Each structure stands twice: as structure tokens, then as C-alpha cells.
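# Survey of secondary and tertiary structure
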Amino acid sequence: MKDILELRRKSAEGLSVAYGLYELEFSDAKNEELAQELRDAMEKAFDEQDEDGSVDYDLYATSLFAANMCIASRALDDYDPIFARDCIHAALDSGQFLMAAIDKLGLLRGGESEGVTKEDRQALIFAFSELMRTDVEIRNAYDHSMMAGMPQKMSRQKKYKLITDFLGTNELYGELSDMLVLTAMAVLLDEEDNATEKTRKTVSDKLFTFLDVASEAGAAVSDNSLFLLAYKVGIDALNMVLEMDKEKREGGDSNLIKVIEYNVIDNRKHLSDEEIKDINDRISKYENKLKSLL
């Protein structure tokens, strides 16, 4: 995963910091050089945030900022916990701006909002998927919101879920995109299962559909490094399903919502033998395609 993230970081210029942060988070060993590089990048990013939490009063830029700050708060925590805490607070400020903008624009009331693009909506889903994953517990010597702020935290989580559920539609993703892959990483690789069933289903439906189509014999891909990463994310997500199912069979307490096939969410106690076979077959198919792209 780390090597493919590094490859994608060099290809996706506008989103290189996001992929670099994920690369650091997925690293098995300490990478002080990459951590310092990304810390410097995030330090500069702080200067881009206005007092109202936005970045140039722009939905896309603010969404990417919020998502990056969320990832940074996790990826950099081992290297600089105080800086990591500053990152999540910056993300929350941007999240507040985005929620106010969504209300003002009426994005949760349906219809088209003038000036709001498909890319804006995809970025919003990425941002709120990361906020769902990261804004779970805020507690340190400088922040007393663990007790006094609990009702506000719960209210934020409810709003995050409402936004991702409403804005995330199959029609939003007409092709495999960086935003879909980034959102899939935030949603499908989250062991704590913070996303809703609907959001998980939408993201997994689209991701696995694109991967299945590209897996057809002789099918060409439009962006090699993006598809490499998408296949790795799909494989890891499916392996996580199998691992969590194994834990349940062995008496574990994991509550990960299982993604079965590529379009079914199931809350039964465990997977059937046929479902496990189908998932393993899909993993094998994806691994073969991944090898062909390397």
C-alpha cells in the first residue's frame, strides 16, 4: 500500500499532500523524513485558513483542507502530538464553515445549487467522511471537550452522517476519480466503522463496479497509478471484511458492517461459505489485475 501511495502522490499533483499523509499513516515503520516534509506542508496550510474556517471561501479547497487536517491529526500524532491536536481543531473549524455553507446553499434540500460543481460535492463527501472517522474523541491538556463538549460532538457526528448520506449518490461518480478512492480509504478502511451503511454501500458499489469493469480481459485503464491504488484499496477492504468476520466467528466484538460482494450490506452474525468464496474470488481477480498493472 505504501509504495503505491508514493507512486500516486507523484502522479496526483493537486492531491499529493493527501496521499502523502495516507502514505505516512500506512507506514509500518517510522519515516521521520516524510513526516517532517508533511508537517512543513501542513504548517504552510494553516496560513491558508481564514478566520471563518474556510480556505478562500471555496467549497473544494476548504473540503480538501479539512480532510487533510483530519488525516494529519492521525498520521502525525506519533511524531508531534500537540501539532496533531492543532490539526484536528483546524479541521473542525473548516467543518463548521462547510456545514454552514451547506445549510445556506440548501444542498440537503435537493436540487442544483448554482456554482456548486460535481467536484465540490465529491470533495465535501471526502471531507465529512474524514471528519466522521477522526472527530471521535478530543481530549488533551488544552481541550476539555471530552466531558463538557460531548453533546456538541455527538451533534456534529450526526450532521456528518446526514451530509455524506444525502450527497453521496451513485450518479455523483461517473468514473473512477481520486476523490472516490480517497473517500473509499476513509470509509472502507476504517476499522472503527464510523460511516453509515448507506455511505459505505454507495462508495463500495461505485469502487467495485469500476474495478470489475477494468478487470475484464484486455480492459485498458485511463490512469495507471490511480487504478493501482484503487485495486489495492479494494483488496484491503475485502480482506478486512474477511478478517472481521473471522473475529466474529471466534468470539470477537468487532462491529464492522460487512461489505458482501460489491453491492450488499449485511448485518447477519457472519458470512456464509458461499459469500466467503465470492469475496476470495474477487480478491484473486483484483490481485491478478494489480499485478498486470505493475
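Residues numbered from 1 in each chain as written. Predicted model: local features only at pLDDT ≥ 70, side-chain atom pairs only at ≥ 80, totals over all residues. Heavy atoms only, no water.

Attention shifts here to the overall build of the protein chain. Looking only at helices and strands, the protein chain features 12 helices and 2 strands. Taken over 294 residues, the protein chain has a buried fraction of 54%. Put simply, 70% of the contacts in the protein chain that link residues at least 6 apart link residues at least 24 apart. Accessible area for the protein chain stands at about 14,000 Å²; split by element, carbon and sulfur atoms hold 48% of it. (Helix = DSSP H or I, 4+ residues; strand = E, 2+ residues; numbered from the N terminus. Buried < 20%, exposed > 50% of the residue type's maximum accessible area, 1.4 Å probe, protein only. Contact = heavy atoms within 4.5 Å. Areas by Shrake-Rupley, 256 points an atom, 1.4 Å probe, with all protein chains shown as cover.)

Residues Tyr-19, Phe-128, Leu-176, Val-181, Leu-207, Leu-229 and Val-233 are the most contacted members of the largest nonpolar core, which totals 91 residues. The element that contributes the greatest number of residues to this core is helix α11 (residues 224–249), accounting for 14 residues. (Core = buried A, V, L, I, M, F, W, Y, C linked by side-chain atoms within 4.5 Å.)

Here we come to helix α4 (residues 59–75). Helix length check: α4 (17 residues) gives 24 Å between terminal C-alpha atoms against 24 Å at 1.5 Å per residue, within 8%. When you tally the buried positions in α4, you get 14 out of 17 residues, the bulk of the element. If you check the start of α4, you find a side-chain oxygen 3.1 Å away from the backbone N of Tyr-60, and it comes from Asp-58. (Expected span 1.5 Å × (residues − 1). Polar contact = N/O pair within 3.5 Å; in protein donor to acceptor, adjacent residues only side chain to side chain.)

It is at 10 Å that the axes of helix α10 (residues 197–214) and α11 come closest, and there the two elements cross at 120 degrees. With respect to each other, α10 and α11 are oriented oblique. The way α10 lies across α11 gives a crossing that is left-handed. Between α10, through Leu-207, Phe-208, Phe-210, Leu-211 and Ala-214, and α11, the contact on the second element is made entirely by Phe-227, Ala-230, Tyr-231, Val-233, Gly-234, Ala-237 and Leu-238. (Axes fitted to C-alpha atoms, helices over the stretch in contact; angles between N-to-C directions. Parallel < 35°, antiparallel > 145°, perpendicular 65-115°, else oblique. Left-handed = near helix turned anticlockwise from the far one by under 90°.)

Now for the packing of aromatic side chains. Using the criterion set out here, one finds 6 aromatic pairs in the structure. Ring geometry for Phe-208 versus Tyr-286: centroids 6.2 Å apart, planes at 25 degrees, classification stacked. Note that Phe-208 is positioned in helix α10 and Tyr-286 in helix α12 (residues 273–293), a separation of 78 residues in sequence. One exposure class covers both Phe-208 and Tyr-286, and it is buried. Each member of the aromatic cluster is reached from another via a ring pair, and the members are Phe-208, Tyr-231 and Tyr-286. One residue, Arg-39, lies across the ring of Phe-83, its end atom 4.2 Å from the ring centre. (Phe/Tyr/Trp six-rings, centres within 6.5 Å; stacked < 30°, edge-to-face > 60°. Lys NZ or Arg CZ within 6 Å of the ring centre and 35° of its normal.)

On the surface, Asp-47, Glu-48, Asp-50, Glu-51, Asp-52, Asp-56 and Asp-58 cluster together to form a negatively charged patch. Tracing the backbone through its elements, the reader meets Asp-52 in the loop between α3 (32–46) and α4. (Patch = residues over 30% accessible without salt bridge, like charges linked within 9 Å, V, L, I, M, F, W, Y side chains within 5 Å. Salt bridge = Lys/Arg side-chain N within 4 Å of Asp/Glu carboxyl O. Lys, Arg positive; Asp, Glu negative; His and termini not counted. Charge placed at Lys NZ, Arg CZ, Asp CG, Glu CD.)

With respect to the secondary-structure elements, Leu-98 resides in helix α5 (residues 81–105). Among the residues examined, Leu-98 registers a relative accessible area of 0% and is labelled buried. In this structure, Leu-98 is in contact with Leu-59, Thr-62, Ser-63, Ala-66, Leu-124, Ala-127 and Phe-128, ignoring residues within four places of it in sequence.

Moving on, we come to the pattern of salt bridges. All told, the structure shown has 18 salt bridges when counted by the stated rule. One salt bridge connects Arg-9 with Glu-23, and the closest N-O pair in it is separated by 3.0 Å. Taken together, the residues span a long stretch of sequence, with Arg-9 in helix α1 (residues 2–11) and Glu-23 in helix α2 (residues 16–26) at a distance of 14 residues. Taken as a pair, Arg-9 and Glu-23 share a single burial class, namely buried. Taken together, the salt bridges that share partners define one network made up of Arg-8, Asp-178 and Asp-223.

Looking at the protein chain as a whole, the pLDDT averages 86, with 86% of positions reaching at least 70. Between residues 139–151, whose pLDDT stays under 50, and residues either more than four places distant or in other chains, the model counts 10 contacts. Across residues 254–266, where pLDDT falls below 50, the model places 58 contacts with residues more than four positions away in sequence or in other chains. (pLDDT = per-residue confidence, 0-100.)

Once that is clear, we can look at unusual backbone geometry. With a phi angle near 55 degrees, Tyr-57 is a residue other than glycine that sits in the positive phi range. Residue classification places Tyr-57 among the exposed residues on the basis of a relative accessible area of 54%. Unusually for a residue other than glycine, Asp-193 sits at a positive phi of about 55 degrees.

Attention now moves to the packing of α3 against α5. Where α3 meets α5, the axes come as close as 12 Å, and the angle between the chain directions of the two elements is 40 degrees. Classified by the interaxial angle, the pair formed by α3 and α5 is oblique. At the point where α3 passes α5, the crossing takes the left-handed sense. Note on element contacts: α5 touches α3 through Phe-83, Asp-86, Cys-87 and Ala-90, opposite Arg-39, Met-42, Glu-43 and Phe-46. Residue classes in the contact of α3 with α5 are distributed as 5 nonpolar, no polar and 3 charged. (Nonpolar A, V, L, I, M, F, W, Y, C, P; charged D, E, K, R; others polar.)

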